[in-house]
Amino acid sequence: MITRNVTMENGVGLHAGPAALFIQKASSYKSSIWVEKDDCRVNAKSLLGVLSLGITKGTTITIIADGSDEADAVQGLSDLINNDLAAR
């Protein structure tokens, strides 16, 4: 199991369009992946789950992955948040 903290830097947070991109990316991995904010943990492959966290700009989340491609999953999702979504 691998975990990493990431801070959301884009203007709208992880809502609607950005959340859909995040879910697509998470779903491309075989590992089980979760997103944690405060004391709430949701499946990173669930749009409703991710949206329910209310992740806004400046929010720090924890990405947790467990499985055969866990390192790639955590790195890929962190890169997505830090690079691709940060520009939105």
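Predicted model, so just to flag it, every value in this text is computed and none were measured.

Peer 1: Quick question: what am I supposed to make of the overall build of the chain here?
Peer 2: Assigned secondary structure in the chain consists of 3 helices and 4 strands. Helices and strands in the chain line up, N terminus first, as β-α-β-β-α-β-α. Computed over its C-alpha atoms, the radius of gyration of the chain comes to 11 Å, within 12% of the 12 Å expected for a compact globule of 88 residues. Dimensions of the chain along its principal axes, counting C-alpha atoms only, are 35 × 25 × 20 Å. By residue count, 42% of the 88 residues in the chain fall in the buried class. Counted over contacts in the chain with a minimum sequence separation of 6, partners at least 24 positions apart contribute 69%. Of the accessible surface of the chain, which amounts to about 4,500 Å², a share of 47% is contributed by carbon and sulfur atoms. Charge centroids of the chain, computed over 8 positive and 10 negative side chains, lie 5 Å from each other.

Peer 1: Please explain helix α3 (residues 70–84) as it appears in this structure.
Peer 2: One turn of the α-helix equals 3.6 residues, which is why residues spaced by three or four share an orientation. Along its 15 residues, α3 runs 20 Å from first to last C-alpha, staying within 8% of the 21 Å computed at 1.5 Å per residue. Those residues of α3 that fall on the buried side of the exposure criterion are E70, A73, V74, G76, L77, S78, L80 and I81. The secondary structure elements touched by the buried residues of α3 are β1 (2–7), α1 (16–27), β2 (32–37) and β4 (60–66).

Peer 1: Is there a simple way to think about unusual backbone geometry in this case?
Peer 2: Outside of glycine, negative phi angles account for most residues, and trans bonds account for most peptide bonds. For A16, which is not glycine, the phi torsion reads 40° and is therefore positive. Summarising the element assignment, A16 is placed in helix α1. Backbone geometry at D38 places phi at a positive 55°, although glycine is not the residue there.

Peer 1: Explain the pairing of β2 here, please?
Peer 2: Along any regular strand, the residues point their side chains to alternate faces of the sheet. Side chains I33, V35 and K37 of β2 all project onto a buried face; the interleaved residues S32, W34 and E36 project onto a face where none is buried. Sheet topology places β2 next to β4; 5 bridges connect them, and they run antiparallel. Pairing of S32 across the sheet is with D66, part of β4. Pairing analysis gives 4 bridges linking β2 to strand β3 (residues 40–43), with the strands arranged antiparallel. Bridging across to β3, V35 finds its partner in V42. Where β2 folds back on β3, the antiparallel hairpin that results is connected by 2 residues, among which D38 adopts a positive phi of roughly 55°.

Peer 1: Any chance you could explain the pattern of salt bridges here in plain terms?
Peer 2: Where charged atoms of side chains with opposite charge meet at close range, the side chains can pair. Within this structure, the stated rule accounts for 1 salt bridge. When the shortest N-O distance is used, the salt bridge between E36 and R41 registers 3.1 Å. Note on R41: relative accessible area 45%, which makes it partly exposed.

The rules behind the values
Residues numbered from 1 in each chain as written. Predicted model: local features only at pLDDT ≥ 70, side-chain atom pairs only at ≥ 80, totals over all residues. Heavy atoms only, no water. Helix = DSSP H or I, 4+ residues; strand = E, 2+ residues; numbered from the N terminus. Rg over C-alpha atoms; globule rule 2.2 N^0.38 Å. Buried < 20%, exposed > 50% of the residue type's maximum accessible area, 1.4 Å probe, protein only. Contact = heavy atoms within 4.5 Å. Areas by Shrake-Rupley, 256 points an atom, 1.4 Å probe, with all protein chains shown as cover. Lys, Arg positive; Asp, Glu negative; His and termini not counted. Charge placed at Lys NZ, Arg CZ, Asp CG, Glu CD. Expected span 1.5 Å × (residues − 1). Pairing = 2+ DSSP bridges. Salt bridge = Lys/Arg side-chain N within 4 Å of Asp/Glu carboxyl O.

By themselves, these figures tell us nothing about what the structure is for.
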